[in-house]
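# Descriptive analysis of the structure
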Amino acid sequence: MNSCYPAEPYKIKVVEPIAMTTRAERERCIAEAGYNTFLLRSDQCYIDLLTDSGTTAMSDNQWAGMMLGDEAYAGSRNFLHLQEVVRQYYGFKHVVPTHQGRGAENLLSRICIKPGDYIPGNMYFTTTRAHQELNGGTFVDVIVDEAHDSQSVSPFKGNIDLEKLQKLVEEVGAERIPYVCLAVTVNLAGGQPVSMANMRAVKALCSRFGIKVMYDATRCVENAYFVKTREGGYADKTIAAILKEMMGYADGCTMSGKKDCLVNIGGFLCMNDDDLYQQATELVVLYEGMPSYGGLAGRDMEAMARGIVESVDYYYIHHRVQQCQYLADKLIAAGVPIVQPTGGHAVFIDARAFLSHVPQDQFPAQTLAAQLYVESGVRSMERGIVSAGRDKKTGNHHYPKLELVRLTIPRRVYTYSHLDVVADACIDLYRRRERIAGMEMLYEPKVLRFFTARFRPLR
Ligand code: PLI
């Protein structure tokens, strides 16, 4: 291992044995799961890179906090701690806890979106767009073009294209745009960050038109790390200072605490506007719980408050992002096509280039994820045509330019040795790629189909 990859800034106190399976067992398991890695059982997986969501190893300090859970129905002291920490690190005036990120998306979309509205964003995320559409809105992608090109090495491929945004405002009118949804970082583009300059410019443009800017802050600490390491003028600033500046260009945010707040469950909605807060407190009691717990136990709010503090530690985030880089570098050295530059939470294999003989409507990324599991017991996730779903007007598949397999690294869970196994399996498969055929879809759910769709290999 090259010494530029930092060793773990933690030591192991508890271990969880993982399943060792044979190839024959894995062939049976994936067939039973309809060739959909979401439908595998976790005890059928050796290294589980399905997601970094809720899969974090919490620290001893967070577990200690769990024992201090105040499970009062209203006014829990853990809520007050969470509120204090969110104000300190994110800088927003109000926080409404939710059971996870999509709970916050539901509240925000229901309050702000009217039928016929448009919600510009830097590439879609599945649950975010689903909530926007459920409330009658139309998502419009205003991300920079480089984001759709897996080989562009531009450092901030998550940026919003200001011209695209301004054009949309002029076309539909500012009154039809309740807010701009800016994700920091952009999951489906490969974990690509947004520059501070772009955040500042988006805020300035939106202010001119009286449009709110709401962040999807799910991986905001990873974004802050990239600002520090890639953007001029930030190298000497702390992650906490960068995070606070980023949030200063937003009117609020939705947050999936299951990622950058280092917890297994939790989320929140933040805002500065008192009226929006009032409306959120009225709605949260219907969908989540009292505004002082929002679907969470007191202990979970305590773990999240402590996780937020830990997440801005430089040694933690440096190691996290460099683990992804380590895996990426091994794949690049062997010629395996991946999205560049490497993002903050995952390595994304370009399945379109990897299986160039498989047409997109034979689901190359879904196929590759299934094959990788059979090969090695490594569970990954499709992020391509299956995840993109269908156009709600025409009923046709959306055909995203990016057809990816995501190898998502859970936080503080796996070692570099595990990543060696993952890299070796991908490389072996790449050498035998011509022998892999595509698949057909046998069962297709109407909403968020990737979770439960079933497939069959084409012979
Ligand atoms: O899974 P939730 O409901 O806590 O959060 C939804 C969500 C919102 N925004 C973004 C950018 C996400 O990545 C996200 C959830 N992501 C999942 C589950 C993932 O595997 O990437």
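Up top is the structure.
What this report covers is the structure whose coordinates are included nearby. (Residues numbered from 1 in each chain as written. Predicted model: local features only at pLDDT ≥ 70, side-chain atom pairs only at ≥ 80, totals over all residues. Heavy atoms only, no water.)

## Some remarks on the pairing of strand 12 (residues 404-408)
- Where burial is concerned, most of strand 12 is hidden: five out of the five residues are buried.
- The alternating pattern of strand 12 places Leu404, Arg406 and Thr408 on one face and Val405 and Leu407 on the opposite face, and all of these are buried.
- In terms of strand pairing, strand 11 (residues 381-383) meets strand 12 through three bridges, oriented antiparallel. Opposite Met381, over in strand 12, you have Arg406 as the bridge partner. (Buried < 20%, exposed > 50% of the residue type's maximum accessible area, 1.4 Å probe, protein only. Helix = DSSP H or I, 4+ residues; strand = E, 2+ residues; numbered from the N terminus. Pairing = 2+ DSSP bridges.)

## Overview of the environment of Ala33
- Topologically, Ala33 is positioned in the loop between helix 1 (23-32) and strand 1 (47-48).
- Residues Ala33 and Gly389, spaced 356 residues apart in sequence, show a C-alpha to C-alpha distance of 20 Å.
- Every residue in contact with Ala33, bar those within four places of it in the chain, is listed here: Leu39, Leu40 and Arg454. (Contact = heavy atoms within 4.5 Å.)

## Here we look at a nonpolar patch on the surface
- A surface patch of nonpolar side chains, about 300 Å² in accessible area, is lined by Val285, Leu286 and Tyr287.
- Take Val285: it is sitting in helix 10 (residues 274-287).
- Judged by relative accessible area, which is 44%, Val285 ranks as partly exposed. (Patch = residues over 30% accessible without salt bridge, like charges linked within 9 Å, V, L, I, M, F, W, Y side chains within 5 Å. Areas by Shrake-Rupley, 256 points an atom, 1.4 Å probe, with all protein chains shown as cover. Salt bridge = Lys/Arg side-chain N within 4 Å of Asp/Glu carboxyl O.)

## Side note on the sheet that holds strand 9 (residues 346-350)
- Taken together, the three strands give an open sheet; going across it, the order is 9-12-11, and neighbouring strands pair in antiparallel fashion. Each of the sheet's edge strands pairs with one partner strand only, and the pair in question is strand 9 and strand 11. The average angle at which neighbouring strand axes cross in this sheet is 35°, direction not considered.
- Across the sheet, helix 12 (residues 314-333) is in contact with strand 9 and strand 12; its angle to strand 9 comes to roughly 25°. (Axes fitted to C-alpha atoms, helices over the stretch in contact; angles between N-to-C directions.)

## Thoughts on the packing of helix 3 (residues 77-89) against helix 9 (residues 239-247)
- The contact between helix 3 and helix 9 brings their axes to 8 Å, and the two run at 85°. By the angle between their axes, helix 3 is roughly perpendicular relative to helix 9. Where helix 3 approaches helix 9, its residues Arg87, Gln88 and Tyr89 are matched on the opposing element by Ala240, Leu243 and Lys244.
- The residue makeup of the contact of helix 3 with helix 9, split by class, is three nonpolar, one polar and two charged. (Parallel < 35°, antiparallel > 145°, perpendicular 65-115°, else oblique. Nonpolar A, V, L, I, M, F, W, Y, C, P; charged D, E, K, R; others polar.)

## Looking at empty space enclosed by the protein
- Evaluation of the coordinates by the stated rule reveals three cavities of 30 Å³ or more.
- Around the largest cavity, the lining residues are Glu105, Leu108, Ser109, Thr128, Gln132, Tyr179, Cys181, Met214 and Thr254.
- Secondary-structure elements contributing two or more residues to the lining of the largest cavity are helix 4 (101-112), helix 5 (126-134) and strand 5 (179-183).
- Sorting elements by how many residues they give to the lining of the largest cavity places helix 4 first, with three residues. (1 Å grid on protein atoms, 1.4 Å probe; cavity = no way out; pocket = protein on both sides within 12 Å on 5 of 7 lines; lining within 4 Å. Points joined across faces, edges and corners; volume = space filled by probe spheres on them.)

## Notes on the site of the ligand
- Around the ligand there are 17 residues in total, and Thr51, Arg102, Asp216, Ser256 and Lys259 lie nearest to it.
- In this structure, Arg406 approaches the ligand through a side-chain N or O atom, which is 2.7 Å from an oxygen atom.
- Residue contributions to the shell around the ligand peak at three residues, all from helix 4. (Near = heavy atom within 4 Å. Polar contact = N/O pair within 3.5 Å; in protein donor to acceptor, adjacent residues only side chain to side chain.)

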